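Close look at the chain arrangement
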Amino acid sequence: MSFNKSRGGGLGAGGDELVLRGSTSKKWTFLLCLGSFCIGLLFTNRMWTMPEPKEIIRRSTLEVEKMNLVDGDCAPKSIGDAKDVPGEVPRTQDLIQTLDKTISNLEMELASAKASQESMLNGAPMSESTGKRKYFMVIGINTAFSSRKRRDSVRATWMPQGEKRRKMEEEKGIIIRFVIGHSATPGGILDRAIDAEDRKHEDLMRLDHVEGYLELAAKTKAYFVAAVSMWDAEYYIKVDDDVHVNIATLGNTLARHRSKPRAYVGCMKSGPVLAQKGVRYHEPEYWKFGEWGNKYFRHATGQLYAISKDLASYIALNQHVLHKYANEDVSLGSWFIGLDVEHVDDRRLCCGTPPDCEWKAQAGNVCAASFDWSCSGICKSADRIKEVHQRCGESQNAIWNAKL
């Protein structure tokens with residue numbers, strides 16, 4: 001019994017001690033929480049300090065100024081300002097056009113300079129380059145080694161010779177040259193014959209190009225590159241040696257388009273793309289032009305065409321990346337796709353031989369060029385061009401009276 005009593009008394013004392021400790025712990029917890037709250041309140045009040053009146057005034061002033069600027073920009077125009085708007089539009093358009101023309105001229109001058117430099121580095125002849133002299137047009141007559149009779153027939157008809165040709169160059173700014181490359185064996189009998197002919201007539205332009213019918217596109221490109229580097233002209237013309245040309249009429253025709261900086265002048269056509277092998281004018285890359293039976297894009301027929309200086313300079317600058325198709329006239333037309341080019345379709349550059357050109361001349365509409373479509377030139381031109389010249393040629397004084 002005594003054992004049980006003492007055990008019960010021990011438990012009562014321990015319980016009181018635990019109760020005391022619990023009440024003491026709650027007090028300290030309450031005091032700690034209260035202290036933390038006061039410290040937090042003090043810290044929060046410092047962080048949320050109100051800005052000084054000066055700052056408020058400064059911010060308000062800035063905001064007012066900003067609002068005034070916005071109001072000024074968004075405010076409706078007065079009646080006087082509205083009247084000025086129609087007049088400002090044309091002036092702005094004129095300024096844009098002038099700037100565009102200036103940029104275009106600078107680009108083309110740069111292209112011409114680069115072409116000249118490249119031509120010099122490649123060893124192209126520069127003896128006829130005058131630098132400052134301006135010419136009106138350069139006529140390049142495409143010819144071949146086997147075409148001596150054709151060249152002589154041209155010299156005897158529409159192409160001035162000797163002193164008359166030099167006078168035309170000086171007074172009218174017109175250059176005329178037969179254009180030819182070299183044979184597959186440079187220095188051979190064909191090249192020596194051409195050299196001898198040039199020493200006699202001094203009217204050939206030699207290209208760094210291997211002659212061949214399938215290389216006409218490359219030859220055309222080489223001609224324009226060389227011509228731009230040798231002569232600073234307004235127009236560059238390519239014509240075949242079996243075509244009759246009235247020089248004054250051609251010059252007057254081109255003079256009408258001087259205001260067009262990128263003019264492409266000729267008889268425009270759009271013939272079929274010939275996919276069948278073995279036919280004349282076969283196009284190996286026919287698949288690039290769409291479905292079977294499609295037509296080419298508009299381009300000038302290859303017997304004669306003219307391009308302005310800007311376009312010739314463009315060819316010279318981009319000669320290494322311009323693609324060549326099988327036909328040279330198609331190739332030239334493809335080089336201008338995507339450019340801001342004025343295509344001028346003038347049928348006086350592709351008249352027929354007599355009686356067609358004769359009737360037109362009698363009616364006062366002299367043709368600039370005449371040939372037979374069936375032969376892509378004057379049929380048997382070495383024999384017939386004299387007759388064409390007599391019946392369709394302009395007067396001997398026409399070139400001297402022309403205002404170019």
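You'll find the structure just up there.
Let us look at the structure shown here. Computed from a predicted model, the values in this text were never measured in an experiment. (Residues numbered from 1 in each chain as written. Predicted model: local features only at pLDDT ≥ 70, side-chain atom pairs only at ≥ 80, totals over all residues. Heavy atoms only, no water.)

Within the structure shown, the criterion is met by 30 salt bridges. Across the salt bridge formed by R155 and D152, the nearest N and O atoms sit 2.9 Å from each other. You can see R155 and its partner D152 sitting in helix 4 (residues 148–155), three residues apart, about one turn around the helix. Among the salt bridges present, the one from K288 reaches E285, with a minimum N-O distance of 2.6 Å. Overall, E285 belongs to the buried group, its relative accessible area being 18%. Residues joined in a network through salt bridges with shared partners are R148, R151, D152, R155, E197 and D203. (Salt bridge = Lys/Arg side-chain N within 4 Å of Asp/Glu carboxyl O. Helix = DSSP H or I, 4+ residues; strand = E, 2+ residues; numbered from the N terminus. Buried < 20%, exposed > 50% of the residue type's maximum accessible area, 1.4 Å probe, protein only.)

Attention now moves to a nonpolar patch on the surface. Side chains of Y213, L214 and Y281 sit close together on the surface and give an oily, nonpolar patch of about 390 Å² of accessible area. Along the polypeptide, Y281 turns up in the loop between strand 6 (263–269) and strand 7 (299–308). Under the relative-accessibility criterion, Y281 is labelled partly exposed at 35%. (Patch = residues over 30% accessible without salt bridge, like charges linked within 9 Å, V, L, I, M, F, W, Y side chains within 5 Å. Areas by Shrake-Rupley, 256 points an atom, 1.4 Å probe, with all protein chains shown as cover.)

Quick look at empty space enclosed by the protein now. Summary: where empty space remains is shown by rolling a probe the size of a single water molecule over the atoms. Under the criterion given, the structure shown has one cavity of 30 Å³ or more. Approximately 70 Å³ is the volume attributed to the largest cavity. The wall of the largest cavity is formed by G140, I141, N142, V179, L216, K219, T220, Y223 and K238. The set of elements that each furnish at least two residues to the lining of the largest cavity consists of strand 1 (134–142) and helix 7 (216–230). Top element by residues in the lining of the largest cavity is helix 7. It accounts for four residues. Residue classes in the lining of the largest cavity are distributed as four nonpolar, three polar and two charged. (1 Å grid on protein atoms, 1.4 Å probe; cavity = no way out; pocket = protein on both sides within 12 Å on 5 of 7 lines; lining within 4 Å. Points joined across faces, edges and corners; volume = space filled by probe spheres on them. Nonpolar A, V, L, I, M, F, W, Y, C, P; charged D, E, K, R; others polar.)

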